[in-house]
Amino acid sequence: MSIEALTETDDGPRSKRPAILAAAVECFGEAGYEGTKWSAVADRVGIGQTALYHYFESKAHCLLTIMRLGLRNSDAAFHDAVAGAPTALAGLRAAVGAAYALSPPEVQQNRILVANIGLLATARLSEREESERQACRALVARVERNWVDLLEQGIRSGEFPGRDPAIMARSLLGLITGVWRWYRPDGALDLDAIAEFMEGCAVRMVAADTP
């Protein structure tokens, strides 16, 4: 996995934190979150288990951080994709394409995010875990707002019919993220083919005169 995708501004050059996150993504992807022992992450990084606690107080804290960074990256990818789009329709196409322009480890991170999204519904007793959960929830709202804003732009320009942009945004996000429940890198469809198909679905859903 690209370490940059798991790095934050306060991670120093000697920090093991991005490497721990990358190892956790691999372990959670292979065995599932519940099926992964916290010690297995330490073994994959090549550090003692006690060293993990310098960066994360628990496996759940690590998972929530992975989810937050995945949401952060999705938010950034959306803005990069639509920044130069001349129309809302072009922005819609670009944003859907960007959602699937991922490396295999980034796909794994998105699969982990979707599989564990229910974790965000319940407050955590740990202060650090709760901080990550709240940050995730704020990013979920921001990602949804991105799509609502794009749809509102298209409605104002006359490119899209005047349907409820919030319902449409949630429907689009459900369509786009639902892929991570069944997609596998060794499956019959590659991401380029999926992206092309989903782009067509999104355009028909949003721009058609009848839903």
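Up top is the structure.
Residues numbered from 1 in each chain as written. Predicted model: local features only at pLDDT ≥ 70, side-chain atom pairs only at ≥ 80, totals over all residues. Heavy atoms only, no water.

Asks: Quick one: what's the story with the overall build of the chain, residue by residue and with numbers?
Replies: Within the chain, the regular secondary structure consists of nine helices and zero strands. Taking 211 residues into account, the globule formula puts the C-alpha radius of gyration at 17 Å, and the chain, at 18 Å, falls close to it. Expressed as lengths along the three principal axes of its C-alpha atoms, the size of the chain is roughly 60 × 40 × 30 Å. Taking all 211 residues of the chain together, 45% fall into the buried category. For the chain, long-range pairs separated by at least 24 residues make up 69% of all intrachain contacts whose partners lie at least 6 apart in sequence. (Helix = DSSP H or I, 4+ residues; strand = E, 2+ residues; numbered from the N terminus. Rg over C-alpha atoms; globule rule 2.2 N^0.38 Å. Buried < 20%, exposed > 50% of the residue type's maximum accessible area, 1.4 Å probe, protein only. Contact = heavy atoms within 4.5 Å.)

Asks: Could you give me a rundown of the pattern of salt bridges, with the residues and numbers involved?
Replies: Across all of its chains, the model carries ten salt bridges by this definition. Across the salt bridge formed by Arg 93 and Glu 199, the nearest N and O atoms sit 2.7 Å from each other. Here Arg 93, found in helix H5 (residues 88–99), pairs with Glu 199, found in helix H9 (residues 191–207); they are 106 residues apart in sequence, far enough to count as distant. Given the relative accessible area of 21%, Glu 199 is considered partly exposed. (Salt bridge = Lys/Arg side-chain N within 4 Å of Asp/Glu carboxyl O.)

Asks: Residue-level account of the side chain of Ser 126, with values.
Replies: Inspection of the secondary structure assignment puts Ser 126 in the loop between helix H6 (104–115) and helix H7 (127–157). Polar side-chain contacts of Ser 126 include one of 3.2 Å to the backbone nitrogen of Glu 129. (Polar contact = N/O pair within 3.5 Å; in protein donor to acceptor, adjacent residues only side chain to side chain.)

Asks: Could you give me a rundown of empty space enclosed by the protein, with the residues and numbers involved?
Replies: Tallied over the full model, the rule gives one cavity of 30 Å³ or more. Its volume calculated, the largest cavity comes out at about 50 Å³. Looking at the lining of the largest cavity, the elements that each hand over two or more residues are H7 and helix H8 (165–178). Counted by class, the lining of the largest cavity contains seven nonpolar, no polar and one charged residues. (1 Å grid on protein atoms, 1.4 Å probe; cavity = no way out; pocket = protein on both sides within 12 Å on 5 of 7 lines; lining within 4 Å. Points joined across faces, edges and corners; volume = space filled by probe spheres on them. Nonpolar A, V, L, I, M, F, W, Y, C, P; charged D, E, K, R; others polar.)

Asks: How would you summarise the environment of Ala 193 if you had to cite specific residues and measurements?
Replies: Mapped onto the elements, Ala 193 comes out in helix H9. Since its relative accessible area comes to 32%, Ala 193 is described here as partly exposed. Through-space distance from the C-alpha of Ala 193 to that of Tyr 100 is 9.9 Å; in sequence the pair is 93 residues apart.

Asks: Would you mind going over H9 in detail, with residue names and values included?
Replies: Between its terminal C-alpha atoms H9 stretches 23 Å, which fits the 24 Å expected from 17 residues at 1.5 Å a residue. If you follow the buried residues of H9, they end up packed against H5, H6, H7 and H8. For H9, the capping residue at the N-terminal end is Asp 190, with a side-chain oxygen 3.3 Å from the backbone nitrogen of Asp 192. (Expected span 1.5 Å × (residues − 1).)

Asks: Tell me what's going on with the state of the cysteines, and back it up with residues and numbers.
Replies: Simply put, the disulfide is a covalent bond whose two ends are the sulfur atoms of two cysteines. Applying the stated rule across the entire model yields zero disulfides. Unpaired in terms of disulfides, Cys 27 finds its nearest cysteine sulfur in Cys 62, a separation of 9.3 Å. Residue Cys 27 is classed as buried on the basis of its relative accessible area, which comes to 5%. As a non-bridged cysteine, Cys 136 has Cys 62 as the owner of its nearest cysteine sulfur, 12 Å distant. By relative accessible area, Cys 136 is classed as buried at 0%. (Disulfide = S-S within 2.5 Å.)

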